[in-house]
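In case you want the letters, here they are:
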Amino acid sequence: MNKQTDYRIKGIAQVALVIIIHLGFIVFLKIKTVEWQEVKRAEVILTYCAPIFLLYATCIRSLKTKKLRYNLIWLLISLLPSIAILFKIKEIASAEPAEPVFIEFHFEQGYLELMLFFPVIYSVIQLILWAAMWFMILSKE
């Protein structure tokens, strides 16, 4: 097997692990996704296509360095901020407003958080990671 294929297999396995961990936290936190009758699978796939591609690209970049610390940095940055975001989403969804406000957002369906906020914020995190990895790698050369 050549190195490119080896990187791809390892990258897909690591991305799958991160996705499974995220789904596990969504289930653990009981963020509502059951009540989405109008959401189609194609919509979910299109929404998460960019974050997953960025996750895969940064994973491959960390694997090509052949250094364990870059791969660990990738794993930590891919998991910790996003898990914190999921906890914050759960907190926002269960919080009651302290005082009456003019415009009030209701986050009880989980749709807006998981189909807009989470993918956008996660994409930004991965783009920052991509840039940081380039700077770290270029500074070493």
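Just above, that's the structure.
Quick notes on the rules
Residues numbered from 1 in each chain as written. Predicted model: local features only at pLDDT ≥ 70, side-chain atom pairs only at ≥ 80, totals over all residues. Heavy atoms only, no water. Salt bridge = Lys/Arg side-chain N within 4 Å of Asp/Glu carboxyl O. Helix = DSSP H or I, 4+ residues; strand = E, 2+ residues; numbered from the N terminus. Buried < 20%, exposed > 50% of the residue type's maximum accessible area, 1.4 Å probe, protein only. Phe/Tyr/Trp six-rings, centres within 6.5 Å; stacked < 30°, edge-to-face > 60°. Polar contact = N/O pair within 3.5 Å; in protein donor to acceptor, adjacent residues only side chain to side chain. Contact = heavy atoms within 4.5 Å. Expected span 1.5 Å × (residues − 1).

1. Topic: the pattern of salt bridges
One pass over the full model with this rule turns up one salt bridge. Of the charged contacts in the structure, one is a salt bridge between D6 and K10, with a shortest N-O distance of 3.6 Å. With D6 and K10 both in helix α1 (residues 3–28) and four residues apart, the pair spans about one turn of that helix. What makes D6 partly exposed here is its relative accessible area of 28%. A relative accessible area of 42% means that K10 is categorised as partly exposed.

2. Notes on the packing of aromatic side chains
Under the defined criterion, the tally for this structure stands at four aromatic pairs. Judged by centre distance (5.7 Å) and plane angle (25 degrees), the rings of F118 and Y122 are stacked. With a gap of four residues between them, F118 and Y122 both fall in helix α4 (residues 111–140), about one helical turn apart. One exposure class covers both F118 and Y122, and it is buried. A ring pair is formed by W130 and W134, whose centres lie 5.9 Å apart and whose planes are at 70 degrees; its orientation type is edge-to-face. With a gap of four residues between them, W130 and W134 both fall in helix α4, about one helical turn apart. By relative accessible area, which is 29% here, W130 ends up partly exposed. Given the relative accessible area of 33%, W134 is considered partly exposed.

3. Observations regarding the side chain of S82
The topology assignment puts S82 in helix α3 (residues 68–94). Engagement of the side chain of S82 in a polar contact is seen with the side chain of H22, the distance being 2.4 Å. Filtering out sequence-adjacent residues up to four positions away, S82 remains in contact with H22, F118 and Y122.

4. Structural notes on α1
The terminal C-alpha atoms of α1, which comprises 26 residues, lie 37 Å apart, in line with the 38 Å expected from a rise of 1.5 Å per residue. Every buried residue of α1 is accounted for by Y7, G11, Q14, V15, V18, H22 and I26. A positive backbone phi angle near 55 degrees is found at K30, which sits one or two residues after α1.

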